[in-house]
Protein chains: 2
Amino acid sequence: MIDQRVHMENIQEQVRVFAPATVANMICGFDILGFAVDAPGDEVTMTKVEQLGVRITSIKGDDGRLPLDPDQNTVSACAMKVLEDLGLADEFGIEIELVKHMPIGSGLGSSSASTVAGVFAINALLGNPLTKEELLPYCIEGERLACGHGHADNVAPALMGGITLVRSYEPLDIVALPVPDGMYAGIVFPHVDVPTRDARQLIKDRVALKDAVVQWGNVAGLIAGLYRNDFALIGRSMQDVIIEPVRAILIPQFAEMKEIALSHGALSFGISGSGPSVVAITQSEEAAQTITQEIKKHLDQQEIDSNTYVSAVNTQGPRLLD
Amino acid sequence: MIDQRVHMENIQEQVRVFAPATVANMICGFDILGFAVDAPGDEVTMTKVEQLGVRITSIKGDDGRLPLDPDQNTVSACAMKVLEDLGLADEFGIEIELVKHMPIGSGLGSSSASTVAGVFAINALLGNPLTKEELLPYCIEGERLACGHGHADNVAPALMGGITLVRSYEPLDIVALPVPDGMYAGIVFPHVDVPTRDARQLIKDRVALKDAVVQWGNVAGLIAGLYRNDFALIGRSMQDVIIEPVRAILIPQFAEMKEIALSHGALSFGISGSGPSVVAITQSEEAAQTITQEIKKHLDQQEIDSNTYVSAVNTQGPRLLD
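Only a predicted model underlies this, so the values are computations on that prediction, with no experimental measurement involved.

Conventions adopted
Residue indices follow the written sequence of each chain, beginning from 1 at its first position. Numbering of ligands from 1 and lettering of chains from A proceed in the order in which they are written. Thresholds applied to this predicted model are a pLDDT of at least 70 for local features of residues and 80 or more for the giving and counting of side-chain atom pairs; totals over whole chains, interfaces and linings are not thresholded and use all residues. Working from all heavy atoms in the structure, the side-chain values ignore hydrogens and water. Only DSSP runs of H or I reaching four residues or more are called helices, and only runs of E reaching two or more are called strands; each is numbered from the N terminus. When we talk radius of gyration, it's over C-alpha atoms, and the globule rule is simply 2.2 Å times the number of residues to the 0.38. Accessible area is worked out with a 1.4 Å probe on protein chains only. A residue is then buried under 20% of its type maximum, exposed over 50%, and partly exposed in between. The superposition of copies rests on a least-squares fit of C-alpha positions from residues with pLDDT of 70 or more in both. Should any heavy atoms of two residues lie within 4.5 Å, those residues are considered in contact. Paired strands are those between which DSSP finds at least two bridges. Under this scheme, a helix contributes an axis fitted over its contacting stretch, all axes are lines through C-alpha atoms, and angles between N-to-C directions fall in the 0 to 180 degree range. Accessible surface is computed with a 1.4 Å probe, and the buried area is the amount of it that two parts give up when combined, taken over both parts together. Between Lys or Arg on one side and Asp or Glu on the other, a salt bridge is scored when a side-chain nitrogen of the former is within 4 Å of a carboxyl oxygen of the latter. Pairing of N or O atoms within 3.5 Å defines a polar contact, subject to two protein rules: one partner must be a possible hydrogen donor and the other a possible acceptor, and residues neighboring in sequence count only if both atoms are side-chain atoms.

**Student:** Honestly, the overall build of chain A in this entry has me stumped. Any pointers?
**Tutor:** Within chain A one finds ten helices and twelve strands. The globule rule puts the C-alpha radius of gyration for 322 residues at 20 Å, and the 20 Å found for chain A is close to it. By principal-axis analysis of the C-alpha atoms, chain A measures approximately 60 × 40 × 35 Å. Across the 322 residues of chain A, 59% fall into the buried class.

So, in structure tokens, the structure goes:
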């Protein structure tokens, strides 16, 4: 039975959607904080067709690494689930083209960007029967399929935009946090391989209580700083004493990159998600530009290729293209 | 040499000061959060005398448990340190009367209230040469003398008033947090003995990372809730999965008291500081009254004596009496 929120006259023939990369953890908030950026991101074109089922017709930009099997690919699997839940799976089918404008395994929420683009696209195609809050559980399930764990610290900011707090998973409780005026992220993705699963496995199951206290003091300081638009407080709060000491070992030149960032005016510097991308938080676009250029120059000298991105916090989340 | 901030003509002959009890931890923020209440609290009368040195002439309300030795008592020791640092120790002496209007070892920051009353009083007696920020390190040293560790989660709110975050100790970084309109605390002190040192020793040195993540998600939610004046978010964030499960064992009837509080409209309920006092956070004075009365009634049935206190958050901190 077709869900009453669907109005057949609102269903589109085709939509094209961009969804953004995200910086999970925000340095001090492991597994709870994240923010969206303007670029990079992924693009999904979704077309309504007569033949039932959801198919991926092409994936570009993934170097052949992502599955075309619609049950295995997070974009198609999530779209299918939405279709089924709204009672539309027997009405028509969907064809998907995915263009990845961002590296896979970079620590920038690559799978999340695809998932969110797909979920946002199917909803847009159907005339937006679901709210973003209703779309989020589909995105979390997509993350589970793509990464083996249903975290929300990338999909929440990718879908909602801005800076998000995942306060709790059961029940799911997402809090939108204020975005300070003029906050920029300078991101560098060094071309070294640090798979998410390995990066997670390095982290110990138990941590020193005294470190945990430092960490939640910093988390509290960061949240207060965001509300106060207090960049000094934000900067001194964005320090990670628990995850960074372990994960930074996997990232060549981490200490050198951090020194470059801090000596060029970064408020804070750390790992984006599970790395190897790193992020400098700055109070201006210019500082973020300088920092990413200086880090790239340094990595070039070490013969490490890299991509750089400079972006304000993306407060919109996914958007329709065209 | 007398510090240039001291103006001899502003020095008073006598001051009388009240400093408030405090609820450290605020349930989810172990060692970093705390708030001040209107009552109970401690009272210090400080008198300038010719005879050099700082002496305690009387302590009331302590059942003879506190040291009169001026080097051992936090009130006199802190006052002496302020006098010395301002170059006044050779100019005149101080006599102190301390009246404790609150139980010792209750988890309500008893030593902090005395320390803060003393430090605030000596500063007031000297014509307020020091700011509250400058007074705080003296209070932390006083805590070290009284409790064996220099924590700030009681002295910071007792001195600053309101809700405070101790983001960091080195360097000391105290953040004043907003106080939501109409937030009340219903406090019950059951007369059972849980010394602070024992309560701390029960806590394990290492905690599960997954619990730490839940805790800093809750800390983040609480801070956001305070800024948003969002009592629902405050309530669901004020949960402690790390300390309460251990310390609650030391507090008879804890589970029963929690059930009474939550079933009578408490947003949250937990241990104040290291206990045995417990605190219900409510959105009205009436709810806090009802909860404390119902808990007291229950404890009476169990033949456990108790004191109850209902208070708004005290945003002022210490104050001059008379």
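**Student:** How do you make sense of the relation of the copies chain B and chain A when you look at a structure like this?
**Tutor:** One copy of the chain maps onto the second through a rotation around an axis plus a translation along that axis. Rotating chain B by 180 degrees about the axis while translating it 0.0 Å along that axis superimposes it on chain A, leaving an RMSD of 0.0 Å. In short, the pair behaves as if placed about a two-fold rotation axis. Of all interface residues in chain B, 100% are interface residues in chain A too; the two copies therefore contact each other through one and the same surface.

**Student:** I keep staring at the sheet that holds strand β10 (residues 278–282) of chain B and nothing clicks. Help me out?
**Tutor:** Consider a sheet: its strands pair through backbone hydrogen bonds, and that pairing is either parallel or antiparallel. All names here are of chain B. Judged by pairing direction, the sheet is antiparallel, and its four strands sit side by side in the order β9-β10-β7-β11 without closing on themselves. Unpaired on one side and paired on the other, β9 (268–271) and β11 (306–312) mark the two borders of the sheet. Across the sheet, the axes of successive neighbouring strands diverge by a mean angle of 15 degrees, strand direction being ignored. Pairing of strand β7 (residues 184–190) with β11 involves seven bridges; the strand directions are antiparallel. The residue bridging Gly186 from the neighbouring strand is Val310, located in β11. Set on the sheet, helix α10 (residues 285–301) makes contact with β7, β9, β10 and β11; between it and β7 the angle comes to about 15 degrees.

**Student:** Mind showing me how you'd approach the interface of chain B and chain A here?
**Tutor:** Accessible area lost upon the coming together of the parts is a frequently used measure of interface size. Contacts between chain B and chain A engage 36 residues on the former and 36 residues on the latter. For the chain B and chain A pair, buried surface summed over both sides reaches about 2,800 Å², with 68% attributable to carbon and sulfur atoms. Per-residue buried area on chain B facing chain A is highest for Arg167, Leu209 and Trp216 of chain B; these three make up 27% of the total on that side. Here chain B and chain A share two salt bridges between them. Salt-bridge contacts for Arg236 of chain B lead to Asp173 of chain A; the nearest nitrogen and oxygen are separated by 2.6 Å. At the surface where chain B touches chain A, the tally comes to twelve residue pairs in polar contact (both at pLDDT 80 or more). Considering each element in turn, the side of chain B that touches chain A owes the most residues, 14 residues, to helix α6 (residues 209–228) of chain B.

**Student:** Would you mind showing me how to read the pairing of strand β5 (residues 163–168) of chain A here?
**Tutor:** Residues and elements named next belong to chain A. Buried residues dominate β5, accounting for six of its six residues. Here strand β2 (residues 33–49) pairs with β5 via three bridges, running antiparallel. Counted as the bridge partner of Leu33 is Leu165 from β5. Relative to strand β6 (residues 173–177), β5 runs antiparallel, the two sharing five bridges. Along β6, the bridge assignment pairs Thr164 with Ala176. If you look at the hairpin formed by β5 and β6, you'll find four residues sitting between the two strands.

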